[in-house]
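Okay, here's what each chain looks like letter by letter:
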Amino acid sequence: MRRVVVTGLGVVSPVGTGVEAFWNRLTAGANGIRKISYFDASDLACQVAGEVPTREEDEHGFDVNAVMEPREQRRSDRFIHFAIGAAQEALESAGWSPVSETDKQRTGTIIGTGVGGFPAMTAGTRLVDEKGPRRASPFLVPSFLANLAAGQVSIRHGLKGPLGAPVTACAASLQALGDAARLIRSGEADVMVAGGAEACIDKVSYAGFCAAKAMSSKRNDDPAHASRPFDQDRDGFIMGEGAGILVLEELEHARARGANILVELKGYGTSADAYHVTASSPDGEGGLRAMRQALATAGLSPADIGYVNAHSTSTPVGDAAEIAALTTLFEGRGKDLGVSSSKSMFGHLLGAAGAVEAIACVKALVTGMLPPSRNLDAPDEAMTRFEMIPGKAIERQVDHVLTNGFGFGGVNASAVFSKV
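Residues numbered from 1 in each chain as written. Predicted model: local features only at pLDDT ≥ 70, side-chain atom pairs only at ≥ 80, totals over all residues. Heavy atoms only, no water.

1. Here's the deal with the pattern of salt bridges
Part 1: Tallied over the full model, the rule gives 26 salt bridges.
Part 2: Measuring nitrogen to oxygen at the nearest pair gives 2.2 Å for the salt bridge that ties Arg219 to Asp233. Residue Arg219 is located in the loop between helix H9 (203-211) and strand E8 (242-250), and its partner Asp233 is located in the loop between H9 and E8; the two are separated by 14 residues in the primary sequence.
Part 3: Of the residues examined, Asp233 reaches a relative accessible area of 31% and is grouped as partly exposed.
Part 4: The shortest N-O distance in the salt bridge between Asp235 and Arg219 comes to 4.0 Å. Linking Asp235 in the loop between H9 and E8 with Arg219 in the loop between H9 and E8, this pair joins segments that are 16 residues apart in sequence. (Salt bridge = Lys/Arg side-chain N within 4 Å of Asp/Glu carboxyl O. Helix = DSSP H or I, 4+ residues; strand = E, 2+ residues; numbered from the N terminus. Buried < 20%, exposed > 50% of the residue type's maximum accessible area, 1.4 Å probe, protein only.)

2. Section: empty space enclosed by the protein
Part 1: In this structure the tally under the stated criterion is one cavity of 30 Å³ or more.
Part 2: Within this model, the largest cavity holds a volume of roughly 40 Å³.
Part 3: For the largest cavity, the full set of lining residues is Asp273, Ser280, Gly284, Gly287, Ala321, Glu322, Phe406 and Asn412.
Part 4: For the lining of the largest cavity, the class distribution of residues is two nonpolar, four polar and two charged. (1 Å grid on protein atoms, 1.4 Å probe; cavity = no way out; pocket = protein on both sides within 12 Å on 5 of 7 lines; lining within 4 Å. Points joined across faces, edges and corners; volume = space filled by probe spheres on them. Nonpolar A, V, L, I, M, F, W, Y, C, P; charged D, E, K, R; others polar.)

3. Brief notes about the nonpolar core
Part 1: Judged by nonpolar contacts, the single largest core of 49 residues is most densely connected at Phe22, Leu177, Met192, Leu246, Leu248, Phe346 and Phe417.
Part 2: Per element, the largest residue contribution to this core is 10 residues, and it comes from helix H14 (residues 353-367).
Part 3: Grouped together as the second largest cluster of nonpolar side chains are 30 residues, Phe62, Ala150, Val193 and Ala199 included. (Core = buried A, V, L, I, M, F, W, Y, C linked by side-chain atoms within 4.5 Å.)

4. Concerning unusual backbone geometry
Part 1: In this structure, Phe230 takes a positive phi of about 65 degrees despite not being glycine.
Part 2: Mapping Phe230 onto the fold places it in the loop between H9 and E8.
Part 3: When its relative accessible area of 0% is taken as the criterion, Phe230 is described as buried.
Part 4: If you check the backbone angles, Ala274 has positive phi at about 50 degrees while not being a glycine.
Part 5: Tracing the sequence through the fold places Ala274 in the loop between strand E9 (263-272) and helix H11 (285-298).
Part 6: You can call Ala274 exposed: its relative accessible area is 76%.

5. Focus: the packing of aromatic side chains
Part 1: By the definition in use, this model includes five aromatic pairs.
Part 2: Judged by centre distance (6.1 Å) and plane angle (35 degrees), the rings of Phe22 and Phe346 are tilted. On the criterion of sequence distance, the pair formed by Phe22 in helix H1 (residues 19-27) and Phe346 in helix H13 (residues 343-346) is long-range, its members being 324 residues apart.
Part 3: When the ring of Phe62 is compared with that of Phe82, the centres are 5.3 Å apart and the planes differ by 75 degrees; the resulting orientation is edge-to-face. Within this pair, whereas Phe62 is found in the loop between strand E4 (48-49) and helix H2 (70-74), its partner Phe82 is found in helix H3 (residues 78-94), the two being separated by 20 residues in sequence.
Part 4: For Phe62, a relative accessible area of 9% gives the class buried.
Part 5: These aromatic residues form a ring-pair network of at least three members: Phe209, Phe237 and Phe408.
Part 6: The residue whose ring lies beneath Arg385 is Phe386, and the NZ or CZ to ring-centre distance is 5.9 Å. (Phe/Tyr/Trp six-rings, centres within 6.5 Å; stacked < 30°, edge-to-face > 60°. Lys NZ or Arg CZ within 6 Å of the ring centre and 35° of its normal.)

6. What about the pairing of E8?
Part 1: Burial analysis of E8 places nine of its nine residues in the buried class, the great majority of the element.
Part 2: Across the two faces of E8 the burial is the same, with Gly242, Gly244, Leu246, Leu248 and Glu250 and Ala243, Ile245, Val247 and Glu249 all buried.
Part 3: With eight bridges connecting them, strand E1 (residues 4-13) and E8 associate as antiparallel partners. Residue pairing in the sheet places Val5 in a bridge with Glu249 of E8.
Part 4: By the bridge criterion, eight bridges tie strand E7 (residues 191-198) to E8 in an arrangement that is antiparallel. Residue pairing across strands places Ala194 opposite Leu246, the latter belonging to E8. (Pairing = 2+ DSSP bridges.)

Spelled out as structure tokens, the structure:
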């Protein structure tokens, strides 16, 4: 079986654009949640979000002009902008820019998303309703199609290998990594640009999630403390946006070109709950199967895992299901297992969450620092047996880490990253 390693990383997030800024702020327990600025949210139950700041707002904000011409920007939705920015950083850090036709054909692109260009869809609907169909742009449909993040990255870099876009809610980008790894293992590609992108902070999406009572409503005047995974006072998730892209590569291919090999993507598992449209089964059985499958393909046992970057979004029901699954899988483990949720700092990036959190896992292995959870004032008692890492990162060398992504429809994905 061909081995899959990570050679490049790129990220756009509410706590910073660029992997080093992102990681430095993540380990410090920084806050990326603020009052919504994109639209008037005063009539919504949830009025805060993990917005990606601009370069003008933050020295480590996202500068779309650095990666796209203004005309290109107008022809594509924000999730595509994020994907292009993160992919550019990932490819540059990997030192991979295929020139030969063979290298181009052996390099693929899989970038998942939960929804695609939702703001472009709602804006297009309003435009047609108010001004008629003749005012619609010929670029409207390509601006929001879910596969166009992958398509645009592929076109920009001449990547002619397999092209895909899982649209599996909040598991999408972790499934993108798993799909990409399978293509490398099967011999269909040598390099894959994989991850996810999302930009759904829109009044319509917020209205829908608020109607479902899935979002936090307690702390609209205190955004920094609104996202609180695994805390007893959690009351719903906070939406975030951004993109995470990883360059995955066949081990010997990476060695042959002298690439900087970061870690190995050693195991992957995916499953379905077959239970409910929006809720996991209370015992977390579906997620548990995905985690066990990831461990099995990695050839590891639960005792080998030193850190878990949990899916935990801050919803009472979802967190409880993951707690049940983790408690079952890691029975007998204690403070030797670190568990945290990065969503406490930047919110739930929906389809981009898995890839952004996978980058946190890679950095944890490389640096020997385990990232923390914010707002863990009263941890759920079922989780207190583990090292919950409140506030700031802790220094701990681990060899294997596990990360989860679960989504509406009952989809589950888990991945194991290991030192090479």
